[in-house]
Amino acid sequence: MAELTAYELAEGVATIALDDGKVNAFSIAMLEAVHADLDRAEQDEAVVVITGREGYFSAGFDLKVFSEEPERIVEMLTLGATLCERVLAFPRPVLVACSGHAIAAGSFLPLAADLRIGVEGPFKLGLNEVKIGLTVPLFVVELARQRLQPTYFDRAVVNATMFDPAGAVAAGFLDRAVPPGEFPARVQEGAAELAGLDADAHAATKLRARAPAIKAIRAAIEEELAAAG
């Protein structure tokens, strides 16, 4: 089986590139690979850049699991939830380079990262769960509450509004969106900006600033796991 992620370390920056050759669905294998790459980045004490393939950051959870392996749904959701929690509290800065569509679970990591840079183009970003008959998980509600602009929260979470990259910046899914030709350079600059922070101060301040959100997200994950049995 082809590798689902690629890990590259250069000048203190670990780039994790997602590429399943299709739409970067967050399958169980993909989520396990990203967790493993974060383990490696933590050992390397590196700033992290998570990016996707051209046109797709991620289209969200692998829907085949819902239809073909329902006994593994909880496993997949747990891996996704703990990945978001981990990124939110990661001991080094995390940049999400959103290379295209970021749909449903594909938008969770941008909500959790420290810096979010998207590429302009005919892309959709947002939480479309309600449109496809899924209830938004509790941990995602808490994650969205702490990152989205208040005036966009209900539109994004309850009404499943999808946004183009400029709209995603306004809503709070992204910090900036740049032209395709500038995207690699702006991501590199963003990573250098994060690498210039004092790592210990960043980690301590992140935990202090996000303590209520991290606590709420952890409680939400535990509540949903308990409900799932």
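Sequence positions are assigned chain by chain, starting from 1 and proceeding in written order. Note on the predicted model: pLDDT of at least 70 is required for a residue's local features to be given, and 80 or more for side-chain atom pairs to be given and counted; whole-chain, interface and lining totals, by contrast, use all residues. With hydrogens and water set aside, each side-chain value is computed from the structure's full complement of heavy atoms.

**As for the pattern of salt bridges**
Stage number 1. Take a side-chain nitrogen of Lys or Arg and a carboxyl oxygen of Asp or Glu: if they are within 4 Å of each other, that pair is a salt bridge. In this structure the tally under the stated criterion is 14 salt bridges.
Stage number 2. In this structure, Arg86 and Asp39 form a salt bridge, with 2.4 Å as the shortest nitrogen-oxygen distance. Here Arg86, found in helix 3 (residues 73–88), pairs with Asp39, found in helix 1 (residues 28–44); they are 47 residues apart in sequence, far enough to count as distant.
Stage number 3. On the accessibility criterion, Arg86 (17% relative accessible area) is buried.
Stage number 4. Of the charged contacts in the structure, one is a salt bridge between Glu42 and Arg86, with a shortest N-O distance of 3.4 Å. Helix and strand assignments come from DSSP, with helices taken as H or I runs of at least 4 residues and strands as E runs of at least 2, each series counted from the N terminus. A 1.4 Å probe rolled over the protein chains alone gives each residue an accessible area, and that area as a share of the maximum for its type sets the label: buried under 20%, exposed over 50%, partly exposed in between.

**Quick notes on the pairing of strand 1 (residues 5–10)**
Stage number 1. Relative to strand 2 (residues 13–18), strand 1 runs antiparallel, the two sharing 6 bridges. In the sheet register, Thr5 faces strand 2, and the bridge partner there is Leu18. Any two strands with at least two DSSP bridges between them are considered paired.

**Here we look at the environment of Glu224**
Stage number 1. Note that Glu224 resides in helix 9 (residues 199–227).
Stage number 2. You can call Glu224 partly exposed: its relative accessible area is 27%.
Stage number 3. Note on contacts: a residue pair qualifies if any of its non-hydrogen atoms lie within 4.5 Å across the two residues. Beyond its immediate sequence surroundings of up to four residues, Glu224 is in contact with Pro137, Leu138 and Phe139.

**Things to note about the side chain of His202**
Stage number 1. Looking at the element boundaries, His202 is found in helix 9.
Stage number 2. Judged by relative accessible area, His202 falls into the buried class, the value being 14%.
Stage number 3. When sequence neighbours within four positions are dropped, the list of residues in contact with His202 reads Arg92, Pro93, Asp114 and Leu197.

**Considerations on the nonpolar core**
Stage number 1. In this text, buried Ala, Val, Leu, Ile, Met, Phe, Trp, Tyr and Cys residues form a nonpolar core when linked through side-chain atoms within 4.5 Å. Core analysis: the largest hydrophobic core is formed by 59 residues, its most contacted members being Ile50, Val87, Phe108, Leu109, Phe139 and Phe173.
Stage number 2. Here this core gets 8 residues from one element, more than from any other, and that element is helix 3.
Stage number 3. The contact partners of Phe139, leaving out residues within four places of it in the chain, are Gly80, Ala81, Cys84, Phe108, Ile217, Ala220, Ile221 and Glu224.
Stage number 4. Formed by 14 residues, the second largest nonpolar core is a distinct cluster that contains Val13, Val49, Leu95 and Leu194.

**Examining the sheet that holds strand 4 (residues 47–51)**
Stage number 1. Sheet architecture is open: 6 strands sit in the order 1-2-4-7-9-11, paired in mixed fashion. Two strands lie at the open edges of the sheet, namely strand 1 and strand 11 (176–178), each paired on one side alone. The average undirected angle you get between the axes of adjacent strands in this sheet is 20°.
Stage number 2. In this structure, strand 9 (residues 115–119) lies alongside strand 11, joined through 3 bridges in parallel fashion. Each bridged residue has a counterpart across the sheet, and for Gly118 the counterpart in strand 11 is Ala177.
Stage number 3. Packing against the sheet, helix 1 makes contact with strand 1, strand 2 and strand 4, and its axis sits at approximately 15° to strand 1. Lines fitted to C-alpha atoms define the axes here, with helix axes fitted over just the stretch in contact, and angles between the N-to-C directions of these axes take values from 0 to 180 degrees.

**Describing the environment of Ala41**
Stage number 1. As for its placement among the helices and strands, Ala41 is situated in helix 1.
Stage number 2. Classification of Ala41 as buried rests on a relative accessible area of 0%.
Stage number 3. Remark: the alpha-carbon pair of Ala41 and Gln188, spanning 147 residues in sequence, is separated by 17 Å.
Stage number 4. Setting aside its immediate chain neighbours within four residues, Ala41 contacts Tyr7, Ala14, Ala46, Val48 and Phe90.

**Re the pairing of strand 8 (residues 100–103)**
Stage number 1. Summarising the sheet, strand 5 (residues 55–58) and strand 8 pair through 3 bridges and their orientation is parallel. Residue pairing for strand 8: Tyr56 is matched across the bridge by His101.
Stage number 2. Sheet analysis places strand 8 next to strand 10 (residues 125–126), joined by 2 bridges and oriented parallel. Within strand 10, the residue paired with Ala102 across the bridge is Leu125.

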